[in-house]
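Report on the structure
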Amino acid sequence: MRKTLLALGALLSFSGTLAAHDYNLGTLHIEHPWALAVPAVSPNGAAYLVIHNKGSAGDKLLGADTARAGKTEIHEHLHKDGMMKMQQVPGGLEIPAGGEVRLEQGGYHLMMFGLKQPLNDGDKFPMTLHFQQAGDLEVEVHVQKQAPSGSAEHQH
Ligand SMILES: [Cu+2]
């Protein structure tokens, strides 16, 4: 019952800023690109999304670009020597055939360096994703204060 209500909420999109939005590109399905709102003084930010690959061939996210920042890199968080570090993912992010890749807080993310404008809750801005096989896709990134509620069922 709870799951049904959640699904219905996503379909009807009651809330403007928290509305789910998604994209299809070939066999790829991209779910709800969003970025965490950051204080105006922060020079950097991070964007998140989920990529499903419904095809029988793998693909790769090679990178992303947005005019909102000077440079965007694919990053991952690592626990090393008891420290939380992040680093660029070398060579891009594999999206296995029939699988998914989740970019979410504490894991993979799209790191935006040198923000041209602060990321304020409710802002929306375009970002282009570069896939090795599927090509380029422009998505709209929604700036939010917290992770999308739709991802709650995936939390551990
Ligand atoms: Cu990072």
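Residues numbered from 1 in each chain as written. Predicted model: local features only at pLDDT ≥ 70, side-chain atom pairs only at ≥ 80, totals over all residues. Heavy atoms only, no water.

Our focus in this paragraph is the overall build of the chain. A count of helical and extended segments in the chain gives 1 helix and 11 strands. Secondary structure elements of the chain occur, N-terminal to C-terminal, as α-β-β-β-β-β-β-β-β-β-β-β. Classification of the 156 residues of the chain by burial places 39% in the buried group. The long-range share in the chain, meaning contacts at least 24 apart out of those at least 6 apart in sequence, stands at 65%. When the accessible area of the chain is evaluated, it comes to approximately 8800 Å², of which 54% is carbon and sulfur surface. (Helix = DSSP H or I, 4+ residues; strand = E, 2+ residues; numbered from the N terminus. Buried < 20%, exposed > 50% of the residue type's maximum accessible area, 1.4 Å probe, protein only. Contact = heavy atoms within 4.5 Å. Areas by Shrake-Rupley, 256 points an atom, 1.4 Å probe, with all protein chains shown as cover.)

As for its position among the elements, T72 is in strand β5 (residues 69–80). Given the relative accessible area of 12%, T72 is considered buried. Ignoring any residue separated from it by four or fewer positions in sequence, one finds T72 in contact with A64, D65, T66, L110, M111, M112 and M127.

Before going further, it helps to spend a moment on the coordination of the copper ion. Note on the copper ion: its protein donors are H75 (ND1), M86 (SD), H109 (NE2) and M111 (SD). The metal-donor distances range over 2.1 to 2.3 Å. In this structure, the copper ion is surrounded by 4 donor atoms whose angles at the metal cover 100 to 115°, and the resulting shape is tetrahedral. Each donor residue of the copper ion belongs to the same chain, and together they define the spacing H-x10-M-x22-H-x1-M. On the criterion of sequence distance, the pair formed by M86 in strand β6 (residues 83–88) and M111 in strand β9 (residues 109–115) is long-range, its members being 25 residues apart. (Donors = N, O, S within 2.8 Å, 3.2 Å for Na, K, Ca; no water. Tetrahedral: all angles 85-135°; square planar, octahedral: opposite > 155°, others 65-115°.)

Once that is clear, we can look at the packing of aromatic side chains. Considering all chains together, one arrives at 1 aromatic pair under this definition. Against the face of F113 rests K71, its NZ or CZ located 5.7 Å from the ring centre. (Phe/Tyr/Trp six-rings, centres within 6.5 Å; stacked < 30°, edge-to-face > 60°. Lys NZ or Arg CZ within 6 Å of the ring centre and 35° of its normal.)

What follows is about the confidence of the model for the chain. Low-confidence regions, as indicated by low pLDDT, have predicted coordinates that should not be scrutinised in detail. For the chain, the average pLDDT comes to 87, and 83% of its residues sit at 70 or higher. Below pLDDT 50 for its whole length, residues 4–17 participates in 7 contacts with residues either more than four positions away or in separate chains. (pLDDT = per-residue confidence, 0-100.)

Using the criterion set out here, one finds 6 salt bridges in the structure. The salt bridge partner of K71 is E73, with a shortest N-O separation of 3.1 Å. Accessibility expressed as a relative area gives 46% for K71, which makes it partly exposed. Among the ionic pairs, D121 bridges to K145, the shortest N-O distance being 3.7 Å. Here K145 lies in the segment after β11 (135–144) and D121 lies in the loop between β9 and β10 (124–131), a separation of 24 residues in the sequence. Salt bridges here are not isolated pairs; linked through shared partners, they connect E100, R102 and E104. (Salt bridge = Lys/Arg side-chain N within 4 Å of Asp/Glu carboxyl O.)

Here H32, not a glycine, exhibits a phi torsion of approximately 35°, which is positive. The topology assignment puts H32 in strand β2 (residues 28–36). For D81, which is not glycine, the phi torsion reads 50° and is therefore positive. Relative to the elements of secondary structure, D81 occurs in the loop between β5 and β6.

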